[in-house]
Amino acid sequence: QVQFVESGGGLVQPGGSLRLSCVASGSRVNMYSLGWYRQSPGKQRELVADITRGGITRYPNSVEGRFTISRDNAKNTVYLEMNSLKPEDTAVYYCYSRRPTTALYEYDYWGQGTQVTVSS
């Protein structure tokens, strides 16, 4: 079992920035990939960023170049730096963990989510 404490969401104007943080707790969590996905009403869940224990990152085209994921293994914390935010980035953002045997786009555990709203 992995549990998460997410923070950093909020309201930001288009073009602005936000930084999300997620502290994960549980056995072996530092062995897992961590990441973020988002979901907004009426839309499918979308992978936002994934980072392996070794630091390999993956992003969809929709956020590539604007979002940066990083992790601090000593603190079991994953961060998502979001820049040049657009209204279409508005969603609830969920932190997740993924075991080495779990495929990308699948998630073993996830948090409660934090709301990100991009609006003027």
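Quick caveat: nothing in here was measured; it's all calculated off a predicted structure.

What counts and what doesn't
For every chain, the first residue of the written sequence is number 1, and numbering continues from 1 onward in sequence order. Owing to the predicted nature of the model, reporting of local features is limited to residues with pLDDT of at least 70; listing and counting of side-chain atom pairs is limited to 80 or more, with chain, interface and lining totals taken over all residues. As a rule here, side-chain values cover all heavy atoms of the structure and leave hydrogens and water aside. Note on terminology: a nonpolar core comprises buried Ala, Val, Leu, Ile, Met, Phe, Trp, Tyr and Cys residues joined through side-chain atoms within 4.5 Å. Relative accessible area decides the class of each residue, using a 1.4 Å probe on protein chains only: under 20% of the type maximum gives buried, over 50% gives exposed, and in between gives partly exposed. Secondary structure elements are taken from DSSP: a helix is a run of H or I of four residues or more, a strand is a run of E of two residues or more, and numbering for both begins at the N terminus. Contact definition: two residues touch when any of their heavy atoms are within 4.5 Å. When DSSP finds two or more bridges between a pair of strands, those strands are recorded as paired. The axes are straight lines fitted to the C-alpha atoms, using for helices just the contacting stretch, and the angles between their N-to-C directions are given from 0 to 180°.

A. Quick look at the nonpolar core. Core analysis: the largest hydrophobic core is formed by 27 residues, its most contacted members being Trp36, Leu80, Met82 and Tyr93. Of all the secondary structure elements, the ones that give two or more residues to this core are strand E3 (18-25), strand E4 (33-39), strand E5 (46-51), strand E7 (67-72), strand E8 (77-82), strand E9 (91-98) and strand E11 (114-118). Broken down by element, this core gets its largest block of residues, four residues, from E3. If near-sequence neighbours (up to four positions away) are discounted, Leu80 is found in contact with Leu18, Arg19, Leu20, Trp36, Val48, Ala49, Phe67, Thr68, Ile69 and Tyr93. Formed by five residues, the second largest nonpolar core is a distinct cluster that contains Leu47, Tyr94, Tyr96 and Tyr107.

B. Region of the structure containing the sheet that holds E7. As summarised here, the arrangement of the four strands in space is E1-E3-E8-E7, forming an open sheet in which the pairing is antiparallel. Where the open sheet ends on each side, the last strands, each with one partner, are strand E1 (3-7) and E7. Within this sheet the neighbouring strands show an average axis-to-axis angle of 15 degrees, counted without direction. Sheet topology note: the E3/E8 ladder contains six bridges and is antiparallel. Bridge pairing links Leu20 to Leu80 in E8.

C. Inspection of the pairing of E4 at higher detail. The buried count for E4 comes to six of seven residues, which makes it a mostly enclosed element. The pairing of E4 with E9 spans seven bridges and is classified as antiparallel. Each residue of the ladder has a partner; that of Tyr37, found in E9, is Tyr94. Between E4 and E5, which follow one another and run antiparallel, lie six residues, and Gly42 among them has a positive phi close to 80 degrees.

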